[in-house]
Amino acid sequence: MSSENTMSLENPFNVFKHWFEKAQQHAHVKYPDAMNLATVSAAGQPSNRTVLLKHWDEAGFVFYTNLTSRKGGEISANGKVSVCFHWDAMDVQIRIEGVCAQVDDAQADIYFDSRPMQSRVGAWASKQSQPLASHAHLLKRVAKQSLKLPLGKMHRPDFWSGFRIVPHRIEFMQMKDYRLHERREFKLIDGHWVNGLLYP
Ligand SMILES: Cc1cc2nc3c(=O)[nH]c(=O)nc-3n(C[C@H](O)[C@H](O)[C@H](O)COP(=O)(O)O)c2cc1C
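Quick look at the structure, then.

Rules of the game
Residues numbered from 1 in each chain as written. Predicted model: local features only at pLDDT ≥ 70, side-chain atom pairs only at ≥ 80, totals over all residues. Heavy atoms only, no water. Helix = DSSP H or I, 4+ residues; strand = E, 2+ residues; numbered from the N terminus. Buried < 20%, exposed > 50% of the residue type's maximum accessible area, 1.4 Å probe, protein only. Contact = heavy atoms within 4.5 Å. Core = buried A, V, L, I, M, F, W, Y, C linked by side-chain atoms within 4.5 Å. Disulfide = S-S within 2.5 Å. Axes fitted to C-alpha atoms, helices over the stretch in contact; angles between N-to-C directions. Parallel < 35°, antiparallel > 145°, perpendicular 65-115°, else oblique. Left-handed = near helix turned anticlockwise from the far one by under 90°. Near = heavy atom within 4 Å. Polar contact = N/O pair within 3.5 Å; in protein donor to acceptor, adjacent residues only side chain to side chain.

1. Side note on the environment of Asp113
So, step 1. Looking at the element boundaries, Asp113 is found in helix H3 (residues 105–114).
So, step 2. Here Asp113 falls in the partly exposed class, since its relative accessible area comes to 45%.
So, step 3. For the pair Asp113 and Gly44, spaced 69 residues apart in sequence, the C-alpha to C-alpha distance is 36 Å.
So, step 4. With residues up to four places along the chain from it excluded, the contact list for Asp113 reads Arg120 and Met154.

See below:
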């Protein structure tokens, strides 16, 4: 990438850190942590949706969701996923491919407990991806749920947790004039990251 002179290209995580911090500081990137997640059904049908990156390090990229949702079911049958960040205001795209592993319960508990109370209630009330008769029905479930547990005891539902995407391919693209974009691909081969440029 154009900033390659200022960062080590030995490992894609240095590059990710560089761009992610820029996105977080950018006045016109509203959701730097929003990533488009693609999963594949048993029939081979891909589907994608946005989720939020809640934690990342060299072990992988973590998001949280309802395990019984469409994506949750697809991941439990086939953990191979990809995510894509596009920071429009920066003309940057990052693509990550890898395999999901569920985070351990202790990590999921810590994150769940850090969420605002209404979000915790919502996690209990939503049968994510199931048919819903009306929005009013959802609000009724939220109200019922709020009465069920004292606020301090709103522990994590066992159907809600996080997945860590353990990457084996990460690609950074900086858009350039006339579609002559700079693409750098990192692939994990025999435990080592190797990188090179790709035609745009
Ligand atoms: C900006 C944004 C952030 C989102 N973050 C999450 C998230 O972190 N986890 C999640 O389960 N759904 C999140 N959603 C909702 C998902 O995009 C999706 O609608 C939902 O998870 C159901 O997807 P599924 O039926 O394919 O499982 C987010 C949506 C948007 C627009």
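2. So, the nonpolar core
So, step 1. Judged by nonpolar contacts, the single largest core of 30 residues is most densely connected at Phe16, Phe63, Trp87 and Ile94.
So, step 2. Among the secondary structure elements, those contributing two or more residues to this core are helix H1 (12–25), strand E1 (34–40), strand E4 (60–66), strand E5 (80–87), strand E6 (92–102) and strand E7 (160–174).
So, step 3. The element best represented in this core is H1, accounting for six residues.
So, step 4. Grouped together as the second largest cluster of nonpolar side chains are twelve residues, Phe112, Trp124, Met154 and Trp160 included.

3. With respect to the state of the cysteines
A covalent bond between the sulfur atoms of two cysteines is what we call a disulfide.
So, step 1. Evaluation of the coordinates by the stated rule reveals zero disulfides.
So, step 2. The thiol of Cys84 is unpaired, and the distance to the nearest cysteine sulfur, on Cys100, comes to 16 Å.
So, step 3. Classification of Cys84 as partly exposed rests on a relative accessible area of 26%.

4. Describing unusual backbone geometry
So, step 1. In this structure, Ser129 takes a positive phi of about 80° despite not being glycine.
So, step 2. Its location among the elements puts Ser129 in the loop between helix H4 (117–125) and helix H5 (135–148).
So, step 3. Its relative accessible area of 48% is what places Ser129 among the partly exposed residues.
So, step 4. Unlike most non-glycine residues, Tyr178 shows phi in positive territory, near 60°.
So, step 5. Its place among the elements puts Tyr178 in the loop between E7 and strand E8 (182–189).

5. Looking at the packing of H4 against H5
So, step 1. One way to put it is that H4 packs onto H5 with a least axis distance of 9 Å and a crossing angle of 115°. Classified by the interaxial angle, the pair formed by H4 and H5 is roughly perpendicular. Considering the relative orientation of H4 and H5, their crossing is right-handed. Across the interface between the two elements, Val121, Trp124 and Ala125 of H4 pack against Leu138, Arg141, Val142, Gln145 and Ser146 of H5.

6. What about the site of the ligand?
So, step 1. Taken together, Arg49, Thr50, Val51, Leu52, Tyr64, Thr65, Ser69, Arg70, Lys71, Gln128 and Ser129 make up all the residues around the ligand.
So, step 2. Contact distances for the ligand include 2.6 Å between an oxygen atom and a side-chain N or O atom of Thr65.
So, step 3. Taking Ser69, its side chain carries an N or O atom lying 3.4 Å from an oxygen atom of the ligand.
So, step 4. At the level of elements, strand E2 (46–52), E4 and helix H2 (70–77) are the ones that each hand at least two residues to the shell around the ligand.

7. Topic: the side chain of His181
So, step 1. One can find His181 in the loop between E7 and E8.
So, step 2. For His181, a relative accessible area of 11% gives the class buried.
So, step 3. Within the local environment of His181, its side chain forms a polar contact with the backbone nitrogen of Lys176, the two atoms lying 3.0 Å apart.
So, step 4. Excluding its chain neighbours within four sequence positions, the residues that come into contact with His181 are Met173, Gln174, Met175, Lys176 and Pro200.

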